[in-house]
Every structure is written in structure tokens, then in C-alpha cells.
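Observations on the model geometry
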Amino acid sequence: MNKAVKRIQIVAIIIFVLSIVVSNYSIFVSAQNDNRDRLISQQGFYSVEIKSKTDAQIEISVDGKPSSKFPISKNNSLQLLRVEKKLKLKFDKKLIGNFQVFINGKEAVLPNNNEIEFDEYQLKPFQITAPTPTPKPTVTTTPTATPTPVPTPVVIQTLPELQSKIRLSLSRPELKRGMVGVKIVSLDTGKVIFEENAEKYLMPASNMKSYTISTAMEKLTPNFKIATSVYAGAMPDASGVVKGDLTVYGRGDVSMAFAFARPDLAPNPVLTNADYLKVLEPLANKIVQAGVKRIEGNLVGDESYFNGDALPPGWEWDDLQWYYGAEVSALPVLDNAVDLSVKPGSLNSPCAVQILPLNTIFTIVNRCVTSNSSVKRDLQVVKKLDRNILEIIGTMPVNDRGFNGSVAVTRPAQLFIDMLRQLLQQKGVTITGQNRVVDAKEKAQMAVASTVPPVEITKLESPPFSLIAAKTMKPSQNMYTETILRILGEQVGDKTDPKLTSDARGLAVVKNFLAQVGIAPDAVIQHDGSGLSRHDLITVASNIQIYNFMAHSPNAQAWRDSLTIGAVDGTLQRRFVGTAAANNARGKTGTIDQVSALTGYVTTAAGEQLIFSVIVNGVNTGSIRTATMDEIVVALANFNGKIN
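Remember, predicted model here, so these are calculated numbers, not experimental data.

Details of the overall build of the chain
Within the chain one finds 16 helices and 28 strands. Counting all 644 residues of the chain, 53% fall into the buried class. Of the contacts made within the chain by residues no fewer than 6 positions apart, 74% connect residues no fewer than 24 positions apart. Carbon and sulfur atoms provide 51% of the accessible area of the chain, an area that totals close to 28,900 Å².

Section: the sheet that holds strand 12 (residues 241-243)
An order of 12-14-22 is seen for the three strands of this open sheet, with the pairing classed as parallel. Edge strands, defined here as strands with exactly one partner in the open sheet, are strand 12 and strand 22 (430-431). Sheet analysis places strand 14 (residues 294-296) next to strand 22, joined by two bridges and oriented parallel. Residue pairing in the sheet places Arg-294 in a bridge with Thr-430 of strand 22.

Structural notes on the confidence of the model for the chain
Per-residue pLDDT for the chain averages 85, and the proportion of residues at 70 or more is 76%. Residue range residues 10-47 is modelled with pLDDT below 50. Its contacts to residues more than four positions away, or to other chains, number 155 contacts. Ignoring residues within four places in sequence, the model shows residues 118-134, a span with pLDDT below 50, making 28 contacts including any to other chains.

Topic: the packing of helix 5 (residues 209-219) against helix 14 (residues 540-551)
Where helix 5 meets helix 14, the closest approach of the two axes is 11 Å, and the angle between their N-to-C directions is 25°. By the angle between their directions, the pair helix 5 and helix 14 is classed as roughly parallel. Viewed along their axes, helix 5 and helix 14 form a crossing whose handedness is left-handed. Across the interface between the two elements, Ser-210, Tyr-211, Ser-214, Met-217 and Glu-218 of helix 5 pack against Ser-542, Asn-543, Ile-546, Tyr-547, Phe-549 and Met-550 of helix 14. Class assignment for the residues of the contact of helix 5 with helix 14 results in six nonpolar, four polar and one charged.

Structural notes on the nonpolar core
Counting residues in each nonpolar core, the largest one holds 55 residues, and the members touching the most others are Tyr-211, Phe-465, Leu-514, Ile-519, Val-524, Tyr-547 and Trp-559. Only helix 5, helix 11 (465-473), helix 12 (478-491), helix 13 (502-517), helix 14, helix 15 (556-562), strand 27 (595-603) and strand 28 (609-617) provide two or more residues apiece to this core. With near-sequence residues (within four places) excluded, Trp-559 lies in contact with Ser-210, Ile-213, Ser-214, Met-217, Met-473, Tyr-547, Met-550 and Tyr-601. Val-248, Leu-277, Leu-334 and Ile-431 belong to the second-largest nonpolar core, a separate cluster that totals 51 residues.

Criteria and thresholds
- Residues numbered from 1 in each chain as written.
- Predicted model: local features only at pLDDT ≥ 70, side-chain atom pairs only at ≥ 80, totals over all residues.
- Heavy atoms only, no water.
- Helix = DSSP H or I, 4+ residues; strand = E, 2+ residues; numbered from the N terminus.
- Buried < 20%, exposed > 50% of the residue type's maximum accessible area, 1.4 Å probe, protein only.
- Contact = heavy atoms within 4.5 Å.
- Areas by Shrake-Rupley, 256 points an atom, 1.4 Å probe, with all protein chains shown as cover.
- Pairing = 2+ DSSP bridges.
- pLDDT = per-residue confidence, 0-100.
- Axes fitted to C-alpha atoms, helices over the stretch in contact; angles between N-to-C directions.
- Parallel < 35°, antiparallel > 145°, perpendicular 65-115°, else oblique.
- Left-handed = near helix turned anticlockwise from the far one by under 90°.
- Nonpolar A, V, L, I, M, F, W, Y, C, P; charged D, E, K, R; others polar.
- Core = buried A, V, L, I, M, F, W, Y, C linked by side-chain atoms within 4.5 Å.

Listed below in C-alpha cells is the structure:
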């Protein structure tokens, strides 16, 4: 009996160390997770499980820090991973003999007392080996009927045990200098299952998209479509001639992009310029079908539907070069980014640089030289912040596979019109004038001078907003979200003050919606729509409120369909693979420097639906932030006890 107790103590110690002193792979999971147990054992650490025959409480401490108490209910177990630091385990003497400790699935022998200490030097040589069986003589027996196997009883977990697992996840030392907010509630009853720092301000990263998109889902409806109109001074004459400018008036239709227009594209395809132009083909076809054969004037891109800055406040300058920091325009195309390819040429010659789609608005300064294969790549890609000038600097080895990236476009409406002109000309339309782009300020001046109202000769409508929402939330598309925020401002916002910008109107619409949900006015401080701004602040409690509201909305299905699904798609495609959260947990991720977030829904093993929100701030290692969130969600998905 005493030996069994000591075994239990050792196991508990090992368990606690494994989950607290965690590295990139330290995740709190069930012992049934064969892949994770295999991973741990390969790294020389231990998977530890404590089984109890009675209700009990153990105290575990690490490196002399204050101990924490963890309950184990009768005929249940406490499972943890990974031991590598000094541990101390303590429990009541009357419990001696009622515990079993298993390391990597094999029972361990424990000292005959109720307090055990281990350090990394004792743990490393500690091994569990199965005894060599004593050979038995061969005996011939009369065959007997095979007995009916007795099913192993399922151990039902308790809510205190689930809460203990979550606390263990949050107690890892790598989190001690950061701030973690957690709140988990029952979707059915609203019962709070766990919360910590639930009302503290945290940077949300892309969790901010949940506020913008939920507002748009409710205020615009899932069936809302965005129209792009084509105007001229008059309809084309009998010969197909438009006398004067042909103007494309945009209202923020982000669907003229590969994410919508080319579902047939295989992974990593080799694209041509024609592939890029096809995203505008539905619009070009509309223009041709309207009878346009010749434009005796300019091809004009009118992006005046939005006013205000093209970039939200609070975005960092080094985000602005790449696609995720792309500008906002009422005439977006191809996510307002171009694809850059840099490949080595022949030795000592310039590198081969290409931008697709082909266009006239970018200037490339190529200072990249192909170097010997023994020289390490030293490449810099620098875009001028407010101009479409791209400098390629440095060296690339002759055997290098090359560099590919998506670079943000300044004044993307210019790219839109440049591409449309190429496509119309391919379809036989003659354009005698130049390409022009008009913004809100220029449009206001033109309106004063003009007395002739334009005629809409055709228009193109976007897919329904439900699809746009999914294409925004699942991959966490910043530019789409900022565009939607401005559409909200123009469609629903206050137009009585002409000085308000489109994004300011949109932010006011979101704020009013959050008040309708019941979120405190000071719980959400929003500076942009997407969460790329480092000035945004929210609480995990407000996340729970918005997700609870949307789960009970008439638009609940469209909202759920917009969320990324664990191990299936979007930003969660590579997470939760092989766990109970796969194809189960769904929600919105968030990642910027020092910040990770995950808010969403998960169904427990017992079939109860939960809402969870976890945000980690001020932790430098992304893998630690992700592991903390993921192991909490997996613990929720594995929970087979009763919540309500």
C-alpha cells in the first residue's frame, strides 16, 4: 500500500511539471492522445496519470513556489504531460494506498510517505520498465468458450477537474510576465464555467473582426449585395460609341479577387496575366453586353463612395508593405495587392523580377544580383510607403528556389482601371482616352462644375454578404474587414455630419450595435475594423457577449458558417488535427506581435455547447500562446461530464 502511494505521489509531481514547465509541444491533453504521448516520449519526457479510488486533493509545487491544490474525484484520474523541473507532491496520509500513478501508461512505484520531492536529475534516469516474464511450461488444455469481453467503464469527468486542467494550462512559467484573459460559458444556460481576467483590457488582434462582421451581418443582412455601377454621359449609340468618359463607380465590392472568382485554381498554380485579368471578366462582359464598342474619352475609376484615409489609424508602417496591410478603396481588386516573384538569373547577372498582374502603375528598381551557390541569400524588398515603387536589393544564389510575396498597392483603384482597360481591349473595345482615378475630394469639385447627371449603362452585383463574411473571417482578411466597416458607415451610418469619414461612421454603427447587445460602452475601444491597430482594446467578457448574441440571432447560421473550423479550413486548418476539437471547435483567431486570441464555440464529449474566449498578451513566443489556447479548447472538447 505504501509503495502504491509513493507511486501516486511521483506521478502527480511529474504531471504537474509536465504541464507547467512546458515548451513548444507542452499541451494538456488526455492520455488517449496517442500521437501526443508518442511525441513526448520521443523527447525524453513523461506522460503522467494519477488514478484515485476515492475523492482526494493533492498539492503540487514547482521550484519552491507556492503549491496549488488539484481535486481528483472517486474512480477518476488527473492527466498531465511533461516533467523536467523540481517537483513536490503532498497529500493526506489517509489516502495512502488509494492512488495509482502511471508513467507512459505503466504503473510507477512510489515512496512510502505522503510527501515526495523530485528534481530534474532524479527524473532523467527514472524509467519504467516492464518485468521480464518467467517462462512457463507448455501445457495442453481442453479448449474452452471465449468469455464475453466486459467493456471498460467510462470515467466521467467532473467540472472541478476540468477547471483544474485549465488552471494548469495557465500556470506555465512562460506566461508569467504576460496577461491572459479567459472566459468559458455554457451556450445553453449562460453558466460560467471558468473565467480569469475576464474584464481586463487586452489587445484583440483579429478578434476585433468579430465585432465588425457581426454588426454587418445584423445591419446589412446575409443577403446584402454590393453594386459596382458603370456610368456614361449617355447610353452607347447604335454603333456602340460612348461619347465622353466611361466611369466605373465602386462601392467596395471585394469579390473581384481569386478568393471568389477562381475556385477552380489548384494549390500553388502557375498563373499567367490572363488568370489575373479574369477576376474582372464579369464586369468587362457586362460593359460589352451593354453595347459598348468604342469609348471616345477616358476610362475613369470613381472611388469617391468612401471618404477619409485609405489606411486606418494605428497600423504600423512595416505592415503596410505587404498584402495584410493593404489600403482600402471603393474599387478593390485582387485584395489590393500584386504578386512579386524574384528568381536567380545566370551567375553575376541581375535577378529575374516579375509582378503579376502586368500593369503600368508599378516601377521596379532591380538591384538584386545572382551570386555563387555558396553565398547565402541576402535579399531585401522595399516598397515606398505612398508610391508604387518597388526596390529589390541584395543577392540571390544561382541555385535558389526564389522568393514570392504579395505586395500592397498604393491607390489600388489605379490597378483596377489598368486591368479593366487591358481586358476591354482584348474584347475589342477601343479606348481613345487615358486612365483616370477620382476620389471623394476630386468628385466634390467635379460635381460643382458638372450639370449633366450620368446614366448607368450597366452594373455588377457581388455575391451575398454571407459569402463575403466567410471569405473575410476564415482567412482573417484585413482589407476586406476595413472595406466592410466603411460600407457599414455609408449604408447605415449617420450622414447628417458631412465631416465624418466613412470609417468613423462605420465605427459608430458598431458601437451602437454593441450597446444593443448589452456590452458596456467602455468594454470595447475600437480604432479599426480588423484589429491590426495596436490601439484596439477589448475584454474576453465582451467577446463572449457578442458570440452569445450571434448564436441566438436569426442570422446565426450565416454567422457560424463564416467562422474558421478546427482542422478543416481558414486559420485553424492546421490546428486541432487528430483531437476532439477537429471539425468541432469553430471561431475567430487573432495574431499580431506579442498577441494571440481565439474565440468561438465547441461541443463537449457529452454534447453540451460552450462559448470560449482566450486572449494572450505580452508573451513573445507564438507557439506558447497557441499551445495555451489550444490545450484549453481540447480539454473542453474532451470533457464528458455534466456542465449544466
